[in-house]
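Results of the structural survey
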Amino acid sequence: MDLMEMLSESKAYIESRLDGRKPVIGLILGSGLGDMADSIENAVVIDYHDIPHFPVSTVPGHKGRLVIGELEGRTVLCMQGRFHYYEGYSMDEVVYPIRTMKMLGINGLFLTNAAGCVNKEWKAGDLMLIADHIKLIAENPLRGKNPDELGSRFFDMTQAYDKELLAVAEKAASDIGISVRKGVYMLFTGPSFETAAEVRFARLAGADAVGMSTVPEAIAASHMRMHTIGISCLTNMAAGILDQPLNHEEVLETGERVKKTFSSLVREIVKRWPDDRL
Ligand code: HPA
C-alpha cells in the first residue's frame, strides 16, 4: 500500500477517536520522561496497537500509546514511547508517527530524549535545548522515492530546530528559574552505548550530547516544514568521561530525578508556543 494511503487510514482512525479535538502540537516523550503524559487533561488514550499501520514500541520504560488532550490550554498529541532505529524499525517506520501528526494538521513538534552528556563542563541531570544535530551514521529517513505530497526532494535543515522556538524556550526557562544548556546532539544508532573513543570523537566533532533518537524525527519534520524544538535530558556522562560503565537504569533514574523540572519547562514552552509556529 502507498504511504499516503496508509497515512490517511491512520489519520482517519485517530480522528474517529478524538471527538472533534484538533491537536496542534506533537510531543514525544523520551526514556524515563513518559510520566508527563499523565498530566494531560481530558485525555483520549490510543494504543499504538490499535492504529492501522502504526509500529509498536518494545523498550522498557516506553509505554506505546498516544495521549491526546489539553496541556496549558493547548491541545497536544503526546507519544508516550517512540520508535527507535535500533529496535529494528526502518527509518520510514521511525518517522511514521511524525507524518501522521502532519496529516492530522499538527505543525508544532516538541521532541524530547534522554542523552549522554559529552560536554565535560556540564553534568548529569542538566537539560539541553537542541540547537542543532549531527547525523554521521544511520540512513536518512528521506532516502528513496520522495513523498512529494509531504515535502520536496531537497530541503533545508538550517531551521530544523526552530530559532524562534529556541528563543522562546530560553526565555521561558529563565523566567521560571530553570537553568538550561544549549548544544549539539549527535546521533548514534545504538543499542550499544558509545565507546569512550566515539565519545571523544563526538566532542571533537562539536557535539555536546549523544543519543539514539530524535534526529530522524527532526529530519522528517523539516521535510514537512513543521516547527520543531528538542530538549535532551542529559541522564549520564557519556562513556569514558567518568571511570564507570553505563547502564539503562541510570538513564531511567536520572529521568526520574529531573522529571518535575523537565515537565515544568515543557509546560511553560507549550504555554508560550507562538501561534505562528502552529
Ligand atoms: N548514549 C546514547 N544514548 C543515551 C545515553 C548515552 O550515553 N544516555 C541516554 N541515552
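Below is a short write-up of the structure. (Residues numbered from 1 in each chain as written. Predicted model: local features only at pLDDT ≥ 70, side-chain atom pairs only at ≥ 80, totals over all residues. Heavy atoms only, no water.)

1. Quick notes on the pattern of salt bridges
- Applying the stated criterion across every chain, the model contains 18 salt bridges.
- A salt bridge links Lys259 to Asp35; the shortest N-O distance between them is 2.7 Å. Placement of Lys259 in helix α6 (residues 248-272) and of Asp35 in the loop between β1 (25-29) and β2 (41-47) is noted, with a sequence separation of 224 residues between them.
- Take Lys259: its relative accessible area is 25%, and that puts it in the partly exposed class.
- Here Asp35 falls in the partly exposed class, since its relative accessible area comes to 34%.
- Arg82 is the partner of Glu217 in a salt bridge, and the nearest nitrogen-oxygen pair spans 2.6 Å. One end of the pair, Glu217, is in helix α5 (residues 215-223); the other, Arg82, is in the loop between β4 (74-80) and α2 (91-103), with 135 residues separating them in the sequence.
- The network of salt bridges with common partners includes Lys171, Asp175, Glu268, Lys271 and Arg272. (Salt bridge = Lys/Arg side-chain N within 4 Å of Asp/Glu carboxyl O. Helix = DSSP H or I, 4+ residues; strand = E, 2+ residues; numbered from the N terminus. Buried < 20%, exposed > 50% of the residue type's maximum accessible area, 1.4 Å probe, protein only.)

2. Structural notes on the side chain of Thr100
- Relative to the helices and strands, Thr100 is located in helix α2.
- Apart from residues lying up to four places away in sequence, Thr100 is in contact with Leu7, Ser10, Lys11, Ile14 and Phe54. (Contact = heavy atoms within 4.5 Å.)

Treat this as a map of the structure, not an account of what it does.
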